[in-house]
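Residue strings, one per chain:
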Amino acid sequence: MKTNPTDFANILRPTYILEEAHLRRNLALVASVAERAGVEIILAFKAYALWKTFPIFREYIHSTTASSLAEARLGFEAFGAPTHTFSPAYTDYEIDEIARCSSHLVFNSLGQFERYATRAKAQNPAISFGLRLNPEYSEVDTLLYNPCAPGTRFGVAADKLPEALPNGIDGFHFHCHCESGSDVFERTLTHIEEKFGKWFAQVKWVNFGGGHLMTRADYDVERLIRLLTDFKARYPHLHIIMEPGSAFAWQTGALVAQVVDIVEDHAIKTAILNVSFTAHMPDCLEMPYQPQVRGAVCTNEGEQHGERVYRLGGNSCLSGDWMGYWQFDHELAIGENIIFEDMLHYTTVKTNMFNGISHPSIALLRTDNEVEVLREYDYEDYKSRMD
């Protein structure tokens, strides 16, 4: 089936639609940064894990990063390469298989390294061990997403690190960004070098984590390349790794939903949709993240009762399953499409089946506007979660 990507008029059920052309645009940019800066950039599954699109990714990148046994297996078995793996805490019943699926294993504490390094090495002699560090600096404002907030459970601070690293530690891992620009990375890098530079001679690689939103339109890519090449000049023995998630899937596709009813209370009109914010767009309520709706203007800070202004409501029993106020250029009609922009990164990996609401399908829009349905969900998917 072909469709018009302007309005997806013939898409009549909830569907996440990944646009191949936009995905390839992002992948080409990421690959260009990696080549020009001489670094390795890998895909973080926590933001994007649509494995049926991995053949496209393999044309541009060669590895992935995991945070659990399931993600490590996905990278090893579906992507076809061992993963760079980090977990806040490994367990006795998973560490062996995680090690088998991983090329790099990052420990969150010295205690975890002491407990599991020998065992992991026995499973995979080629594995490389790293230690996550806490730079005690982050410009992430939303507390839910700030890994360096006071009392964090992530990483080892500089004052807890021994002068001589334990034998077997090959690398350092830092993660303190979230959809950040290269200016933030520049300030963070200065702080990292001041805190941890004296240990760089003892390691072989450094992973600067995710949150580098290099595919965003206003991101200063040239500045990022300069920062990375300058860092490599200062530490030529270090292999540099970056593992953005959002950057790969940024602005690559939408969630298409439909209006199923319109209700009104206290002069507030709510368009009820056949999707749910809590189930299908959870970041909208958690972060909170204000989505962009195609053909509408958000009026949260202004008119909430004007003409053609609607609150958008989800189709679950959660009272708070609604989001914002939007003004459209026409009165909404039951059955018409509502298109939520930029709904591929994080959303598709965080959805759930709360209330048993019909889960959106996942589709790939090919460059010729042909729609390829990658996955449809039904009652058995819901029921199997309770098995």
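For the structure itself, consult the block above.
Parameters and conventions
Once a new chain begins, its residue numbering starts again from 1 and follows that chain's sequence as written. At least 70 in pLDDT is required for a residue's local features to be given in this predicted model, at least 80 for side-chain atom pairs to be given and counted, and no such filter applies to totals for whole chains, interfaces and linings, which use all residues. The basis for the side-chain values is all heavy atoms of the structure; hydrogens and waters are excluded. Here a salt bridge means any side-chain nitrogen of Lys or Arg lying within 4 Å of a carboxyl oxygen belonging to Asp or Glu. Counting from the N terminus, the helices are DSSP H or I runs at least four residues long and the strands are E runs at least two residues long. The buried label applies to any residue whose accessible area, calculated with a 1.4 Å probe on protein chains only, is under 20% of its type's maximum; exposed applies above 50%, and partly exposed to all values in between. Ring pairs shown here join Phe, Tyr and Trp side chains whose ring centres sit within 6.5 Å, with only the six-membered ring taken for Trp; geometry is labelled stacked below 30 degrees between planes, edge-to-face above 60, and tilted in between. Expected span, for any helix, means 1.5 Å times one less than how many residues it has. The bend reported for a residue corresponds to the angle between axes fitted to the seven residues ending at that residue and the seven starting there. Contacts are assigned to residue pairs with any non-hydrogen atoms lying within 4.5 Å of each other. Should DSSP find at least two bridges between two strands, the strands are regarded as paired. Of the two site types, the cavity is a set of points on a 1 Å grid over the protein atoms alone where a 1.4 Å probe fits but cannot get out, and the pocket is an open set with protein on both sides within 12 Å along at least five of seven lines, each lined by residues with an atom within 4 Å of a point. Grid points are joined across faces, edges and corners, and a volume is the space filled by probe spheres set on the points.

*Asks:* Give a detailed account of the pattern of salt bridges, specifying residues and quantitative values.
*Replies:* All told, the structure shown has 27 salt bridges when counted by the stated rule. Across the pair Lys195 and Glu136 runs a salt bridge, and its minimum N-O distance is 3.3 Å. One end of the pair, Lys195, is in helix H6 (residues 182-196); the other, Glu136, is in the loop between strand S7 (128-132) and strand S8 (169-173), with 59 residues separating them in the sequence. Glu136 sits in the partly exposed class, given a relative accessible area of 41%. For Glu193, the salt bridge goes to Arg234, with nearest N and O atoms at 2.6 Å. You can see Glu193 sitting in helix H6 and its partner Arg234 sitting in helix H7 (residues 221-234), a full 41 residues away along the chain. Taking the relative accessible area as the measure of exposure, Glu193 reaches 19% and is therefore buried. Judged by relative accessible area, which is 42%, Arg234 ranks as partly exposed. Each of the salt bridges in this network shares a partner with another, and the network as a whole consists of Glu20, Arg24, Glu59, Arg366 and Glu372.

*Asks:* How would you sum up the packing of aromatic side chains? Please name residues and give values.
*Replies:* Across all of its chains, the model carries 23 aromatic pairs by this definition. Here the aromatic rings of Phe45 and Phe54 are separated by 5.6 Å at their centres, their planes lie at 15 degrees, and the arrangement is stacked. Each member of the pair, Phe45 as well as Phe54, is classed as buried. Ring centres of Phe200 and Tyr235 lie 4.9 Å apart, and the angle between their planes is 90 degrees; this geometry places the pair in the edge-to-face category. With a gap of 35 residues between them, Phe200 in the loop between H6 and strand S9 (205-207) and Tyr235 in the loop between H7 and strand S10 (239-242) connect regions that are remote in the sequence. The exposure class of Phe200 is buried, given its relative accessible area of 1%. Site record: aromatic cluster; members linked through ring pairs are Phe172, Phe174, Phe185, Phe196, Trp199, Phe200, Phe208, Phe231 and Tyr235.

*Asks:* An account of helix H5 (residues 110-123) is requested, with residue identities and associated values reported.
*Replies:* Under the 1.5 Å per step criterion, the end-to-end length of H5 is 20 Å for 14 residues, consistent within 8% with the ideal 20 Å. The largest bend in H5 is about 45 degrees, located at Tyr116. Among the residues of H5, those classed as buried are Leu110, Gln112, Phe113, Tyr116, Ala117 and Ala120. Where the residues of H5 are buried, they touch helix H4 (95-101), strand S6 (102-107), S7 and S8.

*Asks:* If you had to explain the sheet that holds S7 to someone new, which residues and values would you point to?
*Replies:* Spatial ordering of the open sheet is given by S2-S10-S9-S8-S7-S6-S5-S4-S3, a layout of nine strands whose pairing is parallel. Single-partner strands in this sheet number two, and they are strand S2 (40-41) and strand S3 (43-44). With four bridges connecting them, strand S5 (residues 83-86) and S6 associate as parallel partners. Residue pairing across strands places Thr83 opposite Ser102, the latter belonging to S6.

*Asks:* Let's hear about the layout of surface pockets: which residues, and what values?
*Replies:* By volume, the largest pocket is sized at about 1,100 Å³. Taken together, 48 residues line the largest pocket, and the ones lying closest to its centre are Lys46, Leu144, Tyr145, His175 and Tyr346. Only strand S4 (64-66), helix H8 (246-249), helix H10 (283-286) and helix H11 (347-350) provide two or more residues apiece to the lining of the largest pocket. Roughly 510 Å³ of internal volume is contained in the second largest pocket. What lines the second largest pocket is a set of 18 residues, and nearest its centre among them are Leu50, Thr348, Ile362, Arg375 and Tyr377. Contributing elements (two or more residues each) for the lining of the second largest pocket: H11, strand S18 (371-375) and helix H12 (379-384).

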